[in-house]
Amino acid sequence: GAAAQHEGAIYDQIRASTESGEFKVDTGWPMLDQKIRKKLLNPELAIYKIQNTADNFAFLLVPISLPFIWLMFFWKRGVTLFDHTVYILYSLSFVSILLIVMALMALIPGAMGFALQPVLLGALAHSLFHLKGGYGLGWFSALWRLPVQLLFSTIALVIFLLVILILGLVG
C-alpha cells in the first residue's frame, strides 16, 4: 500500500543522491567511505544488512552497558559485575517485551496516541523499582540513579546503533 510506496520512494532518493554525489560520506577513511557509498547504491540491501547485523549483535548491548551501570555502583560493597550483567539482561528483556507490545499497539489505529504515555510511565516505574529492588536501594538512592541510568542507557544505545550501522554498511 501507501507505506510500501513511501518506503520505495525513500530508497530511490537514497540511491539517486548517492549516485549524484549529493549524499556525501566522509568518515576520514577513503576506503571506508567508498564501501559505504557502494552499499548505499542498493539501499534495500543496506537496510537488510543493518537489520541483520542488529539481530546478530544485539547481545553487544550487555558489554556496552556494563561500564555505565558499574559507574553507578562502583563504591557499593558486595555488588559484582555478575550482578550488573543480570540486571542489564533483565532490563533488556523488559524493554524488548515493551517494544513488542508497542509494535502490536501500533497496528491498532489510534492506540499509540492513547497508550504511549502510560507505557512510557510504566517503563520509568519499572526502572525505578528494578533499581530499588535489584540493588537493595532506598528511595533516594534509586531516585537519583534513575535519570543517570536513563542518560547512560541513551549513550549505550547510541554507541550500539553506531556499531551496528558501521558493521552493517561495511560487513
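Quick summary incoming for the structure in this document. (Residues numbered from 1 in each chain as written. Predicted model: local features only at pLDDT ≥ 70, side-chain atom pairs only at ≥ 80, totals over all residues. Heavy atoms only, no water.)

Considering the overall build of the protein
When helices and strands are tallied, the protein shows seven helices and zero strands. For the protein, the succession of helices and strands along the chain, N to C, is α-α-α-α-α-α-α. Here the C-alpha radius of gyration of the protein, 20 Å, is well above what a compact globule of 171 residues would show, namely 16 Å. In terms of overall dimensions, the protein has a C-alpha envelope of 60 × 45 × 25 Å along the principal axes. Residues classed as buried in the protein amount to 29% of the 171 residues present. When the accessible area of the protein is evaluated, it comes to approximately 11400 Å², of which 72% is carbon and sulfur surface. (Helix = DSSP H or I, 4+ residues; strand = E, 2+ residues; numbered from the N terminus. Rg over C-alpha atoms; globule rule 2.2 N^0.38 Å. Buried < 20%, exposed > 50% of the residue type's maximum accessible area, 1.4 Å probe, protein only. Areas by Shrake-Rupley, 256 points an atom, 1.4 Å probe, with all protein chains shown as cover.)

Some remarks on the nonpolar core
Note on soluble globular proteins: their nonpolar side chains tend to be buried together. Membership of the largest hydrophobic core comes to 27 residues, with the highest contact counts inside it found for Ile69, Phe73, Leu131 and Tyr135. Every element with two or more residues in this core is listed here: helix H2 (30–40), helix H3 (43–56), helix H4 (61–73), helix H5 (81–106), helix H6 (111–135) and helix H7 (139–170). With eight residues, the top contributor of residues to this core is H4. Setting aside residues up to four positions removed in sequence, Ile69 forms contacts with His84, Tyr87, Ile88 and Tyr135. (Core = buried A, V, L, I, M, F, W, Y, C linked by side-chain atoms within 4.5 Å. Contact = heavy atoms within 4.5 Å.)

So, a nonpolar patch on the surface
On the surface, Trp70, Leu71, Phe74, Trp75, Leu81, Phe140 and Trp144 cluster together into a nonpolar patch covering about 790 Å² of accessible area. For the nonpolar patch, the secondary structure elements donating two or more residues are H4 and H7. In this structure, Trp70 sits in helix H4. (Patch = residues over 30% accessible without salt bridge, like charges linked within 9 Å, V, L, I, M, F, W, Y side chains within 5 Å. Salt bridge = Lys/Arg side-chain N within 4 Å of Asp/Glu carboxyl O.)

Some points on the pattern of salt bridges
Under the counting rule described, the total for this entry stands at two salt bridges. Residue Arg15 is joined to Asp12 by a salt bridge in which the shortest nitrogen-to-oxygen separation is 3.0 Å. Placement of both Arg15 and Asp12 in helix H1 (residues 2–20) is noted, with a separation of three residues, approximately one turn of the helix. The salt bridge involving Glu44 is made with Arg15; its shortest N-O contact spans 2.6 Å.

Quick notes on H5
Over its 26 residues, H5 runs 37 Å from end to end, which matches the ideal 38 Å to within 8%, given 1.5 Å per residue. Residues His84, Tyr87, Ile88, Ser91, Leu98, Met102 and Met105 constitute the buried set of H5. Packed against the buried residues of H5 are H4, H6 and H7. (Expected span 1.5 Å × (residues − 1).)

Quick notes on the layout of surface pockets
Estimates place the volume of the largest pocket at around 1000 Å³. Considering the residues around the largest pocket, the lining is formed by 36 residues, among which Ser91, Leu92, Val95, Ser153 and Leu157 are closest to the centre. Residue assignment for the lining of the largest pocket shows that the elements contributing at least two residues are H3, H4, H5, H6 and H7. Per element, the largest residue contribution to the lining of the largest pocket is twelve residues, and it comes from H5. Split into classes, the residues belonging to the lining of the largest pocket amount to 25 nonpolar, ten polar and one charged. In this structure, the second largest pocket occupies an estimated 160 Å³ of space. As for the second largest pocket, its lining consists of Ile14, Phe23, Val25, Ile36, Leu40, Pro43, Ala46, Ile47, Ile50, Leu165 and Leu169. Of all elements in the fold, only H2, H3 and H7 reach the threshold of two or more residues within the lining of the second largest pocket. Looking at which element gives the most residues to the lining of the second largest pocket, the answer is H3, with four residues. Of the residues assigned to the lining of the second largest pocket, the class counts are eleven nonpolar, no polar and no charged. (1 Å grid on protein atoms, 1.4 Å probe; cavity = no way out; pocket = protein on both sides within 12 Å on 5 of 7 lines; lining within 4 Å. Points joined across faces, edges and corners; volume = space filled by probe spheres on them. Nonpolar A, V, L, I, M, F, W, Y, C, P; charged D, E, K, R; others polar.)

Bear in mind that shape data such as this cannot, by itself, settle questions of function.
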